[in-house]
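Per-entry structural report
One letter stands for each residue in the lines below.
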Amino acid sequence: MGIYGRVFAGTCTVGFLGITAGAVNYRREYGTLPTDLPSTLHAFSTFSRDDRRDVYDVAIVGGGIVGVATARELRAKYPKKRVILLEKEADVAQHQSGHNSGCIHAGMYYKPGTAMGRLCPRGHDLMVEYCQKNKVPYELCGKLIVASEQSQVPTIEEVYKNGVTNGVKGMTILRSQEEIHQKEPHVRGVAAVWSPQTGITDFAAVCRHMFKQLTANPKLFNYQFRYEAQDFVGVKTPSEELVLIRGRESGHLGPEKTVLAKNVITCCGLCNDEVAAKSGTVFERVGKRIAQTYSFRGRYYELIPEKRSIITSHVYPCPDYRKGMSVGVHFTPTINEGRGRQVIIGPGSALAFAREGYNSYMIDIEYCLNCAFSKGGWVSLFSNMNMIFQMYYMDISRALFLSEAQKLIPEVKASDIEDSFCGVQAIGIDDAGMLAKDLSMEFARPRTTINAELNKNCEVIVGRTALEGVKPLILNVRNAPSPAATACMSIAEDIVKVAGDRFKW
């Protein structure tokens, strides 16, 4: 039984709404709690019969690595707060966090002065420290960022300068093919940046380990898997405001379960725009306004076992900033609990036609229409149409994909590669139709507020009001771009800091 009491029995008929509400065991020191609450102004006949009436200090929606890292940071900074993690899948790290290259980025891709330019190097150090301390497998295998032709050398030099300014340690510029061959004998290029601090790990394993540590204290941390948040309702009691989250198993009509929390933080990755739309009215933003979230699919191939020894470090092409968030087709050694040791090649960066479009041929009409007609969405699609078709063609063409890989290692043949996995990454689009490359958050509160109080017989009196007050109750993480997995712990520091400031913890 939670510290706020538990629902007992009894019902009462409430005014003109005709709502049935259960009586509660009232504890004066903690305030009053409603039992069965309507979700919207037009659906008062739908109630939750969940008899768990714990009230949490914070509910975190989303069990990817950013959500779990946020729960970890919150528990570390506010050890007395009770936290619940809500995740629609059956385990943590089921989407982006578990389908990526595993690269621990050092931080040279990101412009100095941006949030990610600051968060990536710190996130790198925190990730390495965490893996060392908790014996999660990792290696600092290093990275080559290679210019294949002379025209790319200025970009390589810019990457180097960005890294130095951002505080990346140990970088050097290799000025010739001979210097490159000293690092990787099979790689072709005219110049390269060498980053010895770039590493590899299994981010899903890191996420699972963080989650296991959280569950060691069940009195202050709880979780609910197979819970997709459907609605957020404000609940106003005489002593405080709460948020009631209505949810159920994804793809099903019931049973419905509810969770009550004083504040909510959503870290929903691919579904962040859907959840943010349900969470209510936006009060303020940190970073750019995100008009729409696009899903980009990254396809990976892998080298056959006989060819895995041709590289020992990351080998990346010179970035083409015209392709937005893509850093190009690259070679990456992996240490993954599920897929084992591999050398993967990829990813491509094709616009997906479904929110969770792991397959090239998956199409979700509603998602596509939302992307096309959102503010900024049609501008982005129209202005990048040629690039979208090129990247989609490469996604379905093994030959074209291989030709990109051969720019780095010419000796790789079609018979040397085989299919591997796909990942889907969420990328925010701003009002101008540009890909958002930095951290973005927004504060909101539910559009519907329910008044809940007790009469003299300790029965719940439920009413409804329009939006009241100016205090936000919900923080939505709207854009956590690559390398969010590397930077998850430093991103979590920023999330908890701004949440603590605005929620007045």
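Residues numbered from 1 in each chain as written. Predicted model: local features only at pLDDT ≥ 70, side-chain atom pairs only at ≥ 80, totals over all residues. Heavy atoms only, no water.

Turning our attention to the nonpolar core. Soluble globular proteins tend to bury their nonpolar side chains together. The biggest cluster of nonpolar side chains holds 68 residues, and the ones touching the most others in it are Ile-65, Met-127, Val-206, Ile-265, Leu-475, Ile-491 and Ile-495. When residues in this core are grouped by element, the largest group, nine residues, is from helix H2 (residues 115-134). Those residues within four positions of Val-206 in sequence are excluded, and the remaining contacts are Ile-65, Met-127, Tyr-130, Cys-131, Val-136, Thr-201 and Met-489. Grouped together as the second largest cluster of nonpolar side chains are 25 residues, Ile-180, Tyr-301, Met-391 and Phe-401 included. (Core = buried A, V, L, I, M, F, W, Y, C linked by side-chain atoms within 4.5 Å. Buried < 20%, exposed > 50% of the residue type's maximum accessible area, 1.4 Å probe, protein only. Helix = DSSP H or I, 4+ residues; strand = E, 2+ residues; numbered from the N terminus. Contact = heavy atoms within 4.5 Å.)

Right, let's talk about unusual backbone geometry for a bit. Note on backbone geometry: most residues besides glycine have negative phi, and most peptide bonds are trans. Along the chain, Gly-254 connects to Pro-255 via a cis peptide bond; the corresponding omega equals -5 degrees. Here Pro-255 is to be found in the loop between strand S13 (241-248) and strand S14 (257-266). That bond from Ser-482 to Pro-483 is cis: its omega, 10 degrees, falls within 30 degrees of zero. Examined against the element boundaries, Pro-483 turns out to sit in the loop between strand S25 (474-479) and helix H11 (488-503).

Turning our attention to the pattern of salt bridges. A complete count under the given rule lists 25 salt bridges for this structure. The shortest N-O distance in the salt bridge between Asp-494 and Arg-118 comes to 2.8 Å. In this pair, Asp-494 sits in helix H11 while Arg-118 sits in helix H2, placing the two residues 376 residues apart along the sequence. Note that Arg-355 and Glu-274 form a salt bridge whose closest N and O atoms lie 3.7 Å from each other. Here the residue Arg-355 occupies a position in the loop between strand S20 (350-351) and helix H7 (365-373), and Glu-274 occupies one in helix H6 (residues 272-279), the gap between them amounting to 81 residues. On the basis of relative accessible area, Arg-355 is assigned to the buried category, the value being 9%. Members of the salt-bridge network, linked through shared partners, are Asp-231, Arg-246 and Glu-256. (Salt bridge = Lys/Arg side-chain N within 4 Å of Asp/Glu carboxyl O.)

Taking 1.5 Å per residue as the helical rise, H11 with its 16 residues ought to reach 22 Å, and the 21 Å between its terminal C-alpha atoms agrees with that figure. Of the positions making up H11, those classed as buried are Cys-488, Met-489, Ser-490, Ile-491, Ala-492, Asp-494, Ile-495, Val-496, Ala-499, Gly-500 and Phe-503. A positive phi of about 55 degrees marks Lys-504, the residue just after H11. (Expected span 1.5 Å × (residues − 1).)

What follows concerns the pairing of strand S18 (residues 330-336). Judged by how many residues are buried, S18 sits mostly within the fold: seven of seven residues are covered. In the sheet, S18 pairs with strand S19 (residues 340-346) via seven bridges, with the strands oriented antiparallel. By the bridge assignment for S19, Phe-331 is matched with Ile-345. Linking two consecutive strands that pair antiparallel, namely S18 and S19, is a turn of three residues. (Pairing = 2+ DSSP bridges.)

This part covers the side chain of Gln-292. Within the fold, Gln-292 resides in strand S16 (residues 290-303). A polar side-chain atom of Gln-292 sits 3.2 Å from a polar atom in the side chain of Asp-273. Once you skip the residues sitting within four places of it in the chain, Gln-292 turns out to touch Asp-273, Asn-370, Cys-371, Ser-374, Ile-427, Gly-428 and Ile-429. (Polar contact = N/O pair within 3.5 Å; in protein donor to acceptor, adjacent residues only side chain to side chain.)

A few words now on empty space enclosed by the protein. The method is simple in principle: a probe with the dimensions of a water molecule rolls over the atoms, and the space it marks as empty is what remains. Evaluation of the coordinates by the stated rule reveals two cavities of 30 Å³ or more. One number sums up the size of the largest cavity: a volume of about 80 Å³. Residue lining of the largest cavity: 14 residues in total, with Asn-100, Ser-101, Gly-102, Asn-336 and Arg-339 positioned closest to the centre. Going through the elements one at a time, helix H5 (203-214) and S18 are the ones with two or more residues in the lining of the largest cavity. In the lining of the largest cavity, the residues fall into three nonpolar, nine polar and two charged. The space that makes up the second largest cavity amounts to roughly 30 Å³. Looking at the second largest cavity, the residues that line it are Glu-302, Thr-334, Asn-336, Arg-339, Gln-342, Ile-344, Ser-420 and Phe-421. (1 Å grid on protein atoms, 1.4 Å probe; cavity = no way out; pocket = protein on both sides within 12 Å on 5 of 7 lines; lining within 4 Å. Points joined across faces, edges and corners; volume = space filled by probe spheres on them. Nonpolar A, V, L, I, M, F, W, Y, C, P; charged D, E, K, R; others polar.)

One open sheet holds the three strands; their spatial order is S5-S10-S6, and the pairing between them is antiparallel. With one partner strand each, in any of the chains shown, strand S5 (103-104) and strand S6 (138-139) form the two edges of the open sheet. Sheet topology note: the S6/strand S10 (residues 199-201) ladder contains two bridges and is antiparallel. Each residue of the ladder has a partner; that of Glu-139, found in S10, is Ile-200.

As a further point, take the confidence of the model for the protein. When pLDDT is averaged across the protein, the result is 84; 82% of the residues are at 70 or more. The model gives residues 1-52 a pLDDT under 50, and that stretch makes 122 contacts with residues more than four places away or in other chains. When the criterion is pLDDT under 50, residues 454-461 qualifies, and its contacts beyond four places in sequence or with other chains add up to 23 contacts. (pLDDT = per-residue confidence, 0-100.)

A separate point is the packing of aromatic side chains. Tallying each qualifying case throughout the model produces 12 aromatic pairs. On the numbers, 6.1 Å between centres and 75 degrees between planes, the contact of Phe-211 with Phe-221 is edge-to-face. Here the residue Phe-211 occupies a position in helix H5, and Phe-221 occupies one in strand S11 (residues 221-224), the gap between them amounting to 10 residues. Neither Phe-211 nor Phe-221 differs from the other in exposure class; each is buried. Grouped by ring-pair contacts, the aromatic residues Tyr-78, Phe-443, Phe-503 and Trp-505 constitute a single cluster. Above the ring of Tyr-78, the side-chain terminus of Lys-81 is found at 5.7 Å from the ring centroid. Here the basic side chain of Lys-143 rests over the ring of Tyr-316, its NZ or CZ set 4.1 Å away from the ring centre. (Phe/Tyr/Trp six-rings, centres within 6.5 Å; stacked < 30°, edge-to-face > 60°. Lys NZ or Arg CZ within 6 Å of the ring centre and 35° of its normal.)

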